[in-house]
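These are the residues of each chain, in order.
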Amino acid sequence: MKLNSKLNQFISSLKEELGLFLSISFGVFLFILFFEPFSLEAFDFNNRLLFVAGIAAIVFTIMSIVRIAIPWFIHKYDERKLEPVLPPFINSFIILLLSTVAIVIYIHYIGSVLISFYLVFKIGIICIALPVSLRLFDLIKELKTQNVLLLADKETAHKRAEEYREEYLNKPFEFVSDQGGESLRVLISDVAFIRSADNYVEIVYEEDEQLKSRLIRNTLKNIEQQLQSYPNFIRCHRTSIVNSHYVVKLQKDGGSYSLIINGFDERIPVSRQYLLKLKEAL
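Attention in this report is confined to the structure presented alongside it. Predicted model, so just to flag it, every value in this text is computed and none were measured.

### Overview of the overall build of the chain
Next, step 1: Assigned secondary structure in the chain consists of 6 helices and 10 strands.
Next, step 2: Relative to its 282 residues, the chain shows a buried fraction of 36%.
Next, step 3: In the chain, the share of contacts with a sequence separation of at least 24, taken over all contacts with a separation of at least 6, comes to 51%.
Next, step 4: For the chain, the exposed surface amounts to about 17,900 Å²; the carbon and sulfur share of it is 58%.

### Comments concerning the sheet that holds strand E5 (residues 210-217)
Next, step 1: Spatial strand order, E5-E4-E3-E7-E6: 5 strands in an open sheet with antiparallel pairing. Bordering the open sheet on either side are E5 and strand E6 (233-237), each of which pairs with just one other strand. Going across the sheet, the axis of each strand differs from the next one's by a mean of 20 degrees, ignoring polarity.
Next, step 2: As judged from the 6 bridges shared by strand E3 (residues 191-197) and strand E4 (residues 200-207), these two strands associate in the antiparallel manner. Pairing of Ala-197 across the sheet is with Tyr-200, part of E4.
Next, step 3: The sheet contacts of helix H6 (residues 272-281) involve E6 and strand E7 (240-243), and relative to E6 the element is tilted by about 145 degrees.

### Here's the deal with the environment of Ile-268
Next, step 1: Within the secondary structure, Ile-268 sits in strand E10 (residues 267-270).
Next, step 2: Separated by 31 residues in the primary sequence, Ile-268 and His-237 place their C-alpha atoms 8.4 Å from one another.
Next, step 3: Each residue touching Ile-268, except ones within four places of it in the same chain, is listed here: Phe-193, Arg-195, Cys-236, Ser-240, Val-242, Ser-258, Leu-259 and Ile-261.

### Here we look at the pairing of E6
Next, step 1: Counted residue by residue, E6 has 5 buried out of 5 residues, so it is predominantly covered.
Next, step 2: As paired elements, E6 and E7 share 4 bridges and run antiparallel to each other. The residue bridging Phe-233 from the neighbouring strand is Asn-243, located in E7.
Next, step 3: Between E6 and E7, which pair antiparallel in sequence order, lie 2 residues.

### Observations regarding the sheet that holds strand E8 (residues 247-253)
Strand pairing in a sheet is mediated by backbone hydrogen bonds. Such pairs are either parallel or antiparallel.
Next, step 1: Taken together, 3 strands build an open sheet; the order of strands is E8-E9-E10 and the sheet is antiparallel. Both edges of this open sheet fall to E8 and E10, since each of them pairs with a single strand only. Sheet twist, expressed as the mean angle between neighbouring strand axes with direction ignored, is 30 degrees.
Next, step 2: Note that E8 and strand E9 (residues 256-261) share 6 bridges and pair antiparallel. By the bridge assignment, Lys-252 is partnered in E9 with Tyr-257.
Next, step 3: Where H6 meets the sheet, it contacts E8, E9 and E10, and its direction lies at approximately 50 degrees from that of E9.

### With respect to the packing of aromatic side chains
Next, step 1: Per the counting criterion, the structure on display carries 9 aromatic pairs.
Next, step 2: Seen in terms of ring centroids, Phe-51 and Tyr-106 are 4.9 Å apart; in terms of plane orientation they differ by 15 degrees. Their pairing is stacked. Placement of the pair is Phe-51 in helix H2 (residues 45-73) and Tyr-106 in helix H3 (residues 88-109), with a sequence separation of 55 residues. We note that Phe-51, like Tyr-106, is buried.
Next, step 3: Ring geometry for Phe-173 and Tyr-230: centres 5.9 Å apart, planes at 90 degrees, overall edge-to-face. With Phe-173 in strand E1 (residues 172-176) and Tyr-230 in the loop between helix H5 (220-226) and E6, this pair connects stretches of sequence that are 57 residues apart.

What counts and what doesn't
Residues numbered from 1 in each chain as written. Predicted model: local features only at pLDDT ≥ 70, side-chain atom pairs only at ≥ 80, totals over all residues. Heavy atoms only, no water. Helix = DSSP H or I, 4+ residues; strand = E, 2+ residues; numbered from the N terminus. Buried < 20%, exposed > 50% of the residue type's maximum accessible area, 1.4 Å probe, protein only. Contact = heavy atoms within 4.5 Å. Areas by Shrake-Rupley, 256 points an atom, 1.4 Å probe, with all protein chains shown as cover. Pairing = 2+ DSSP bridges. Axes fitted to C-alpha atoms, helices over the stretch in contact; angles between N-to-C directions. Phe/Tyr/Trp six-rings, centres within 6.5 Å; stacked < 30°, edge-to-face > 60°.

Here it is, written out as structure tokens:
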């Protein structure tokens, strides 16, 4: 049972990288066939194709052994996929070394090609394409995985923010008189703005889809301190605090600014002292 599981894992990993290995092998096949880094005159056309295909098969086999067979054989894997046994640069060096040696031996004994230092150097240069291509593939795959994880984290954070926002906006808030007694309890999301009215503050809030107002004996400064944990409430004037969710537009009339509040006929004045902060919030 355990052996079958390991074998299935090996086959699954081979299938996963089969396209990559075939692409690299085919690339080597085409390069050698068209550019002929060593003489192929000893072969006719058909035998030349078979001979170069043998080189591609060597490349494919070495990549399969180093990338899949070795990790599988020494049991360095988890339940999902085989893990690299060695660091990437060592894996790359082994692939480069084995493929260069194997191809040199192959072309010497099968193709009867005279081996020289320059020829070995050219074959080594060709074989560099293997580890480079594999490393680029791994980096792209890693970036894609990180991107997927980041998108998942972003989605999770967005959902949490939405849940927090729903909870936050549906939280009741009680405006209490500084002398006790009278109070107003409303959802914090229903408060459109608050403005001072002599020794009172006027709370303008939405109820039954209409804006209503209520006077509470208190100071605007005290109310502002109570609303500090709600960033959507912004001081726009020494006499007014607005809920940014109800702001329709910041309007400029000559040298002065004012706010248009959704469902409210009057404009709320904006002083230059709070203008920059207000623009950033809106």
